[in-house]
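Structural description and commentary
Residues per chain are reported as follows:
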Amino acid sequence: MSMSSLAMIYIFILAIFTGVEVISRVPTVLHTPLMSGANAIHGIVLIGGAIVLGRAGDNGVLFALGFIAVILGTLNVVGGFVVTDRMLEMFKAKPTAKKEDAK
Amino acid sequence: MTKDQFIAAIPEAAYLIASLLFIFGLKRLSSPRTARSGNLVAAVGMGLALGGTFLLPDMGNFGWIILAIVIGSIPGWLLAKRVKMTAMPQMVSLFNGMGGACALFISLDEWLKGSPHFTGLSDTRLAHTFPMLLGIVFGSISFTGSLVAFGKLQGLVSEKPLRWPGQKIINIVLAMGILAAAGGSGSAGPQVSPTTCIVVLAVLALLLGVLQVLPIGGADMPVVISVLNSCTGLAAAVTGFAMQNMSMIIAGTLVGAAGSLLTVLMCKAMNRSLAKVIFGSFGGGGQAQAATGSSDKTQREITAAEVAIMAGYARKVIIIPGYGLAVAQAQHLVHELEELLEKRGVEVKYAIHPVAGRMPGHMNVLLAEADVPYPKLLDMEEINPEFEQADVAIVIGANDVVNPAARTDPGSPIYGMPILNADKAKNIIVIKRGRGTGFAGIENGLFFGPKTRMLFGDAKKALQELNTEVKAL
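Now for a look at the structure at hand. (Residues numbered from 1 in each chain as written. Chains lettered and ligands numbered in written order. Predicted model: local features only at pLDDT ≥ 70, side-chain atom pairs only at ≥ 80, totals over all residues. Heavy atoms only, no water.)

**With respect to the nonpolar core**
- Judged by nonpolar contacts, the single largest core of 153 residues is most densely connected at Leu-26 and Leu-463 of chain B.
- For this core, the element with the highest residue contribution is helix α4 (residues 60–91) of chain A, accounting for 17 residues.
- Listed in part, the 29 residues of the second largest apolar core include Met-380, Ala-390, Val-402 and Ile-419 of chain B. (Core = buried A, V, L, I, M, F, W, Y, C linked by side-chain atoms within 4.5 Å. Buried < 20%, exposed > 50% of the residue type's maximum accessible area, 1.4 Å probe, protein only. Helix = DSSP H or I, 4+ residues; strand = E, 2+ residues; numbered from the N terminus.)

Written as structure tokens, this is what we have:
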């Protein structure tokens, strides 16, 4: 399926505004986890890697590049989401549980 | 709709839903209550997009794709699970670099695949080649830049801003070389093959990533990581353009835009202009400051027992944790101190500077790990008016964020940075490893003030002693 370049540019511009809009009211406390979560999301390059590898056929160079790309992209995705979850795990449960015995 | 048409529509549908999930995920990530689920929502989106990709037409090598995913997942999972919370910033940087490298490899791959078919200038060729070249440049810069940032935070590379003569000129020449190589790859003459141009392009961009980050001091690394994060986002987006993949364009652009905004917010919190961070000015300023430093004044020491008495009989104590606390892994001890004091009827609060630790919000994560109740962590704006009523302010391993020079000395490199008004408290205790200057290498007048007493020592040891003394009161 192919898209016109113009349509892609429209999407690009709209996504810029969306990206700015959705996080515009983030409190400082969440800067680090948010950066980490965003970091995981750009792991979407993994998809590109998978497509490249999947369509490499028997071309050795394309195959090798794609294979490495998928490994790197997976590192980004898995590491990114897991580390973000660990950060946020500490944030959540505690305040509600702790508030009662502190009072 | 035939079965084939149905299957062909699945990937596009998956991408559409995934893109929506990314937007929802980011939205939820920006509010404390929903943040964790936001991360999960985004992860589900990623899974969907990946699953949909398997159903794209002309795909093969499925076994290999799965193998590569398994190979990448294991170290990714282990690293993320095992990393100490203090080492998180560099871990984010490392994963970011992997994403950048991935975009680089994809772009190279796309270029190899595409180059034979495209001859002469045409719309399709431009639409394919231009984003691909950008993908190589952005991917390379994020890759090596993130690795250098990782090295600096991990202590593998000097945290000091490294400088050498002609730094800016070299970078400009590199940038021009990148432009030339990019142009060359499009309009190859008989002398230089396009492949040579692409290789030169990638090498120059990789080099630029290294040279651009090396001169930046460790204190500015959070901003750098954030910049590189949006850079990888852009790399993902342009790669998406080259591959005409909707989910990559949307997710990459979202991160690029959100990352840029986050960078601006961080710079605001530190009162540093982004241009200054990237093009540097801290090193020079720091040296000028050292000359005017107050080396003739003395710092007054105090023992843990005295601090215990002071804090144990105070009405209100404000604790200011800094990176020194994080390095010493003393967040649990500080929580213990807080509980001991509260038992004695002392009101204890934490003053969290927006950039305490090494990234905005880093200190909150560390203290949350130690079970410190969330409502006790107060932002700078909330806590600053309270210092005047505080009997004791205990500064643990923080330095620049309590340096009054930021308010009073226009010559100081941190002048104008919002700080915690620890100097307004009735007594100030500073727990510090030694007499040296902080991260930014700036002398701190607070340490020489008449109300200030220094408790020298590693944060962990000092707090252990202090806790023992408070128990003995």
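**Focus: the interface of chain A and chain B**
- Every contact between the two is made by 84 residues of chain A and, on the other side, 105 residues of chain B.
- Roughly 8,600 Å² is buried in total at the junction of chain A and chain B, and carbon and sulfur atoms are behind 78% of that figure.
- Along the contact surface separating chain A from chain B lie 1 salt bridge.
- At the junction of chain A and chain B, the tally comes to 15 residue pairs in polar contact (both at pLDDT 80 or more).
- Secondary structure elements with two or more residues in the side of chain A that touches chain B: α1 (5–22), α2 (31–41), α3 (45–54), α4 and α5 (93–102) of chain A.
- Examining the composition of the side of chain A that touches chain B, we find that 30 residues originate from one element, α4 of chain A, more than from any other.
- Across the side of chain A that touches chain B, the residue classes break down as 51 nonpolar, 24 polar and 9 charged. (Contact = heavy atoms within 4.5 Å. Buried area = accessible area lost by both parts, 1.4 Å probe. Salt bridge = Lys/Arg side-chain N within 4 Å of Asp/Glu carboxyl O. Polar contact = N/O pair within 3.5 Å; in protein donor to acceptor, adjacent residues only side chain to side chain. Nonpolar A, V, L, I, M, F, W, Y, C, P; charged D, E, K, R; others polar.)

**Observations regarding the packing of aromatic side chains**
- Counted by the stated rule, this structure contains 5 aromatic pairs over all chains.
- Ring geometry for Phe-63 of chain A against Trp-64 of chain B: centres 5.2 Å apart, planes inclined by 90 degrees, an arrangement best described as edge-to-face. Of this pair, Phe-63 of chain A sits in helix α4 while Trp-64 of chain B is found in helix α3 (residues 62–82), placing the two residues in two different chains.
- Given a relative accessible area of 19%, Phe-63 of chain A falls into the buried group.
- Given a relative accessible area of 43%, Trp-64 of chain B falls into the partly exposed group.
- Following the ring pairs from residue to residue traces out a cluster consisting of Phe-63 and Phe-67 of chain A together with Trp-64 of chain B.
- Seen from the ring of Tyr-313 of chain B, Arg-344 of chain B lies directly overhead, with NZ or CZ sitting 4.8 Å from the centre. (Phe/Tyr/Trp six-rings, centres within 6.5 Å; stacked < 30°, edge-to-face > 60°. Lys NZ or Arg CZ within 6 Å of the ring centre and 35° of its normal.)

Remember that the coordinates give geometry; whether it matters functionally is a separate question.
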